[in-house]
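A closer look at the structure
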Amino acid sequence: MTPPAAEGTEVHVDVEGRTLRLTNLEKVLYPRTGTTKGEVLNYYAQVAPVMLPHLADRAVTRIRWPHGVEGASFFEKNAPSGTPSWVRTVRVPTTGSRSGTGEAELTFPVVDDLATLTWLVNLAALELHVHQWRVGRNGRPRNADRIVVDLDPGEPAGLHECCQVALLAREALAERGLEARPVTSGSKGLHLYATLPRRLPPEEATTLAREVAEQLQAAHPRQVTATMTKAKRGGKVFLDWSQNAGSKTTIAPYSLRGRERPRVAAPVTWEEVAAGAEDELGLEQLAPDQVLRRVAELGDLFAEA
C-alpha cells in the first residue's frame, strides 16, 4: 500500500475482491511519533491474520479519532451512514436482557474479514472493542463464551503491580477450572481472559468475574480492590469485573489504542507477566512494530492451545 503524494488525495485498493477508497494516508494520527494513517492501516493489514479470528462473530464498537489522537474522539456503535452493503451487521437490543421484543436496537458491524477491518480503520477507528459474546447463526447474540477481568492500576501503582495481581488472579481462576490468558491493555494495565467451558448468560459471567475480584480483594486488601469508586483505588489494582455485562465491551486483542503514542492490546506469556511482577521494567506496553515482530516469531499468543 503506497501513500499518496499529499494529504487529501485518495487511492483505490483491492482488498480480497472488494474495492476500497482509502483517503488521507499521510495524515498524522499520532503526532508524538509522527505515525500516519497509512502506517496504521499497514499495521492492521499485517496483524489481521491473528486478529481476525478474535473479532469473528463479535459485534464491534469503535472509537474514532478523525483528526488524530490529540483531537476529539467519539464512540460509535451503530454501523455508520454509507456502510457498504457487503459489511456484515448484527442487530442487538439495547436492554440488558437482550431477549425481549419490541425493544430499541443497535446495528453493529461484525469484522469477519480484512476488507471490513480496512474499511473501519480508514474511518480513523483506531480502537476496536468487542463483547464477551458472539453472534449466532441466526444473527442474534448468544451467551458469553468467555470472561474478562480488567486489571486497572490506581496511581502510583502501574503495570508492575498489575503483573503481581495477575498471578494471583490466575490462581483464583484456575481454582474454578478456568485457564487465564494475559493481554497488556495498551494503556496502563492488563486484561485476563478465560474461555468458559459452557456459555453463560452475561449476568452469570459477570457474577463469576465479580466473585474472583472480591475473593482477591478479601485476601489481598492492600493490593487489590473490587470497588469501582476511583477514590479507593490509590496504590491498588482495581479488578474490573463489570466488562462481562451484555452491553459492555473490552478493547480487542491486537487493537491499537488512541493514546499519546501508538500502543497495542498485546497478548503476552505468563513468563513475561512473572518477569513484570519481579521487575518494574520487566514488562512494557508494546508498540505496533514490536507486536508484529512477536507475531512473526511466536505466532498468536492469544490462540487457545
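Read on for an overview of the structure. (Residues numbered from 1 in each chain as written. Predicted model: local features only at pLDDT ≥ 70, side-chain atom pairs only at ≥ 80, totals over all residues. Heavy atoms only, no water.)

**Comments concerning the overall build of the protein**
- Regarding its fold elements, the protein presents six helices and 18 strands.
- Over its C-alpha atoms the protein spans a radius of gyration of 19 Å, differing by no more than 12% from the 19 Å that the globule rule assigns to 305 residues.
- When its C-alpha atoms are laid out on the principal axes, the protein stretches across 60 × 50 × 40 Å.
- Evaluated residue by residue, the protein yields a buried proportion of 52% over its 305 residues.
- For the protein, contacts bridging at least 24 residues in sequence account for 65% of all contacts bridging at least 6. (Helix = DSSP H or I, 4+ residues; strand = E, 2+ residues; numbered from the N terminus. Rg over C-alpha atoms; globule rule 2.2 N^0.38 Å. Buried < 20%, exposed > 50% of the residue type's maximum accessible area, 1.4 Å probe, protein only. Contact = heavy atoms within 4.5 Å.)

**Focus: helix α3 (residues 159-174)**
- Given a rise of 1.5 Å per residue, 16 residues ought to cover 22 Å, and the 22 Å separating the end C-alpha atoms of α3 matches this to within 8%.
- Of all the positions in α3, only Leu159, His160, Cys162, Cys163, Val165, Ala166, Leu168, Ala169, Ala172 and Leu173 are classed as buried. (Expected span 1.5 Å × (residues − 1).)

**Here we look at the pattern of salt bridges**
- Taken as a whole and assessed by the stated rule, the structure comprises 16 salt bridges.
- Between Arg88 and Asp112 there is a salt bridge, with its nearest N and O atoms 2.5 Å apart. Of this pair, Arg88 sits in the loop between β6 (74-76) and β7 (89-93) while Asp112 sits in the loop between β8 (105-109) and α2 (114-122), and the two are 24 residues apart along the sequence.
- A relative accessible area of 32% places Asp112 in the partly exposed class.
- Between Arg257 and Glu127 there is a salt bridge, with the nearest N and O atoms lying 3.2 Å from each other. Of this pair, Arg257 sits in strand β17 (residues 256-257) while Glu127 sits in strand β9 (residues 125-130); the two residues are 130 residues apart in sequence, bridging distant segments of the chain.
- Residue classification places Arg257 among the buried residues on the basis of a relative accessible area of 9%.
- Here the salt bridges do not stand alone but share partners, grouping Asp57, Arg88 and Asp112 into one network. (Salt bridge = Lys/Arg side-chain N within 4 Å of Asp/Glu carboxyl O.)

**Focus on the pairing of strand β11 (residues 141-153)**
- Summarising burial for β11: ten of the 13 residues are buried, a large majority.
- Both strand β10 (residues 133-135) and β11 contribute to a ladder of two bridges, which runs antiparallel. Residue pairing for β11: Trp133 is matched across the bridge by Ala144.
- Where β11 and strand β13 (residues 190-200) come together, seven bridges link them in antiparallel fashion. Looking across to β13, one finds that Ile147 is bridged to Ala194.
- Looking at chain direction, β11 and strand β15 (residues 237-240) are connected through four bridges and run antiparallel. Bridging across to β15, Pro153 finds its partner in Val237. (Pairing = 2+ DSSP bridges.)

**As for the nonpolar core**
- By size, the foremost hydrophobic cluster in this structure holds 78 residues, and its most contacted members are Tyr44, Leu55, Leu117 and Leu151.
- Of the residues forming this core, the biggest block, ten residues, is contributed by helix α1 (residues 37-55).
- The contact partners of Tyr44, leaving out residues within four places of it in the chain, are Met51, Leu117, Val121, Leu126, Leu128, Tyr254, Ser255 and Leu256.
- Ala59, Val90, Val92 and Trp133 belong to the second-largest nonpolar core, a separate cluster that totals seven residues. (Core = buried A, V, L, I, M, F, W, Y, C linked by side-chain atoms within 4.5 Å.)

**Considering the packing of aromatic side chains**
- All told, the structure shown has two aromatic pairs when counted by the stated rule.
- Plain terms: the ring middles of Tyr43 and Tyr44 are 5.3 Å apart, the flat faces sit at 65 degrees to each other, and that makes the pair edge-to-face. Neither residue differs from the other here; Tyr43 and Tyr44 are each classed as buried.
- Relative to Phe302, the ring of Tyr193 has its centre 5.1 Å away and its plane inclined at 85 degrees; by these criteria the two rings are edge-to-face. Here Tyr193 is found in strand β13, whereas its partner Phe302 is found in the segment after α6 (288-298), with 109 residues between them in sequence. For the pair shown, Tyr193 and Phe302 are each scored as buried. (Phe/Tyr/Trp six-rings, centres within 6.5 Å; stacked < 30°, edge-to-face > 60°.)

**Some thoughts on unusual backbone geometry**
- Put simply, Glu155 and Pro156 share a cis peptide bond, and its omega is 10 degrees.
- If you trace the backbone, Pro156 turns up in the loop between β11 and α3.
- The phi dihedral of Glu16 falls on the positive side, at around 50 degrees, and the residue is not glycine.
- Looking at the element boundaries, Glu16 is found in the loop between β1 (10-15) and β2 (18-23).
- In this model, Asp57 sits at a positive phi of 65 degrees, which is unusual for a non-glycine residue.

**Considering the side chain of Ser255**
- On the secondary structure map, Ser255 appears in the loop between β16 (250-251) and β17.
- Here Leu128 takes part through its backbone nitrogen, which lies 3.1 Å from a polar atom of the side chain of Ser255.
- Sequence-distant contacts of Ser255, defined by excluding residues within four places in its chain, comprise Tyr44, Met51, Leu126, Glu127, Leu128, Arg263, Val264 and Ala265. (Polar contact = N/O pair within 3.5 Å; in protein donor to acceptor, adjacent residues only side chain to side chain.)

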